[in-house]
Amino acid sequence: MLEAVVVALDPSPAQERALWSHAGAARFAYNAALAHVRERLERHERPVWSFYALRKWWNQAKDTLAVNRETGGTWWRQNSKEAYNAGLESLADGLRNWSDSRKGRRKGRRVGFPRFKSKDGSVPRFAYTTGSYGLIDGDPNALRLPRIGRVHCMEGVAKRVGGARVVRMTVSRRGGRWQASLTVERPDPAEPPVPPHGGRVGVDLGLKTLATLSDGTVIGNPRPLRRSMRRLRHAQRALSRKRKGSNRRRRARERVARLHARVAHQRRDFIGKATTMLARTYTDISIEDLNVQGMESNHCLAQAVADAGFYEFRRQLEYKAARSGAGIHVVDRWYPSSKTCSRCGTVKAKLSLACRTYRCERCGLEIDRDLNAAINIMVAGSAPETLNARGEATGRDAGRDNPTHAAHAPVKREPSRGASHVRLGAGLGDETMQATN
């Protein structure tokens, strides 16, 4: 089992210069290899862009490429060979993704051809995969970086690794701070974890409140980007007035980067605490398969949706539930959780976002809109795929015999990744809904 451990570094001024040098070396090798591939393509020659082929080419050409223009001497020996390999590996991955995307072997958006990396427009990073790197025996608060030395960490990295084997270490600079991401390999547990005893729960994600649970628990939305927008506007306006290439512009750009990093850390911290609570409390958790990309196409809600972090919420919830033994049930995107009455199963034809209270014309139920959706998600997560929250048939033909039951209508733009991701269990009927209410 692979995990990632991210720690902030506290390098000395000399070590920070060495970190910049290694990051620049990775970028130089990337750009040089990309120029070599483009040159072969322009000559209509068959390029070989695997990682091993690019590394072989680099070893043959580095004495003529990595040359100081003033002195004429080679400078590639000043940095670890792993820095150059990291840049070549990044280029090989980008070329493979581009090729697979063109041939239809890669899912998702169409991937473009790799571009050259600039000093100001790219994230400084490099990686170690071989050699004596990682933890230091007897020094729990430091990491060993070849050709750089012992680098102090902001926290006890040995305690977080916990005896696992470090298979890769990536060093990068984000938000004005250097950090190390360690990929560690832990042995799989001998016995499956014992799930919590909190029962079943449905989770409805939203913008007004980040999550509403079927038991009435409400997790508020902190809106970290909205709270920092005033300082971000001020910092970005100050950045726009600075002359390009000046030290003041560099410092202003770092200030903007620190503010964005702070927003991202606040969002990740809040989502991490919320998902940990859910994974450690409830036995079975039912969630919706939200299409975040489709929701962000609405320009009126795009910023609020991105600020909420729906994808990160589900990502953390899934792996934490696997660790705690809790079950995750993903409800199909076409299930009208907000339009369906959690008492009688009637499906409304229309329900605007401005309507925050669900009122059923058939049974007279008045309930909070998000709570009603959470209850429906909980029941749908443990019901057969062909049944709704009340235990009645759903689908394109459902509701033809009953005019009060609307046909299959996508209320929320929530994607399904195939039938394998719709995990619905035993059927539940009215008695369960009455007990829940």
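Below is a summary of the structure that appears in this document. Fair warning: this is a prediction, and the values are worked out from it, not measured in the lab. (Residues numbered from 1 in each chain as written. Predicted model: local features only at pLDDT ≥ 70, side-chain atom pairs only at ≥ 80, totals over all residues. Heavy atoms only, no water.)

1. Some thoughts on the sheet that holds strand S4 (residues 139–145)
Taken together, the 7 strands give an open sheet; going across it, the order is S2-S6-S7-S1-S5-S4-S3, and neighbouring strands pair in antiparallel fashion. Two strands bound the open sheet, and with one partner strand each, they are strand S2 (125–128) and strand S3 (134–136). Each strand axis lies, on average, 40° off the axis of its neighbour in the sheet, ignoring direction. Here S3 pairs with S4 via 3 bridges, running antiparallel. Looking across to S4, one finds that Ile136 is bridged to Asp139. Those strands touched by helix H1 (residues 13–42) are S2, S4, strand S5 (149–153), strand S6 (165–174) and strand S7 (177–185), and its axis lies near 90° from that of S2. (Pairing = 2+ DSSP bridges. Helix = DSSP H or I, 4+ residues; strand = E, 2+ residues; numbered from the N terminus. Axes fitted to C-alpha atoms, helices over the stretch in contact; angles between N-to-C directions. Contact = heavy atoms within 4.5 Å.)

2. A look at the sheet that holds strand S10 (residues 218–220)
Read from one edge to the other, the open sheet built from 5 strands follows the order S10-S9-S8-S11-S12, with strand pairing classed as mixed. The sheet is open, and its two borders are formed by S10 and strand S12 (327–331), each paired with just one other strand. Within this sheet the neighbouring strands show an average axis-to-axis angle of 20°, counted without direction. Pairing analysis gives 3 bridges linking strand S8 (residues 200–205) to strand S9 (residues 209–213), with the strands arranged antiparallel. Directly across from Leu205, in S9, lies its bridge partner Ala211. In this fold helix H7 (residues 247–281) packs onto S8, S9, S10 and strand S11 (284–288), with an angle of close to 165° to the strand it touches most, S10.

3. Examining the pairing of strand S1 (residues 2–10)
Across a regular strand the side chains alternate sides, sitting on one face of the sheet and then on the other. In this sheet, S7 lies alongside S1 in antiparallel orientation, the contact comprising 7 bridges. Counted as the bridge partner of Ala4 is Thr183 from S7. Looking at chain direction, S1 and S5 are connected through 2 bridges and run antiparallel. Note on S5: the bridge partner recorded for Leu9 is Cys153.

4. A closer look at helix H11 (residues 369–380)
Spanning 12 residues, H11 covers 17 Å between terminal C-alpha atoms, matching the ideal 16 Å at 1.5 Å per step. For H11, the set of buried residues is Arg369, Asp370, Asn372, Ala373, Ala374, Ile375, Asn376, Ile377, Met378, Val379 and Ala380. The N-terminus of H11 is capped by Asp368, whose side-chain oxygen sits 3.1 Å from the backbone nitrogen of Asp370. (Expected span 1.5 Å × (residues − 1). Buried < 20%, exposed > 50% of the residue type's maximum accessible area, 1.4 Å probe, protein only. Polar contact = N/O pair within 3.5 Å; in protein donor to acceptor, adjacent residues only side chain to side chain.)

5. A few points about the nonpolar core
Phe126, Leu143, Leu145 and Leu182 are the most contacted members of the largest nonpolar core, which has 47 residues in total. Ranked by residues supplied to this core, first place goes to H1 with 11 residues. Residue contacts for Leu145: discarding those within four places in its chain leaves Leu19, Tyr128, Val151, Met169 and Val171. (Core = buried A, V, L, I, M, F, W, Y, C linked by side-chain atoms within 4.5 Å.)

6. A look at the environment of Val171
Considering the arrangement of structural elements, one finds Val171 in strand S6. Along the chain, Val171 and Ala8 lie 163 residues apart, while their C-alpha atoms are 9.7 Å from each other. Setting aside residues up to four positions removed in sequence, Val171 forms contacts with Leu9, Leu19, Pro124, Arg125, Phe126, Tyr128, Leu145, Trp178, Gln179 and Ala180.

7. Thoughts on the pattern of salt bridges
Applying the stated criterion across every chain, the model contains 24 salt bridges. Its salt-bridge partner being Arg105, residue Asp100 comes within 3.0 Å of it at the nearest N-O pair. Salt bridges linked by common partners bring Glu16, Arg173, Arg250 and Glu254 together as one network. (Salt bridge = Lys/Arg side-chain N within 4 Å of Asp/Glu carboxyl O.)

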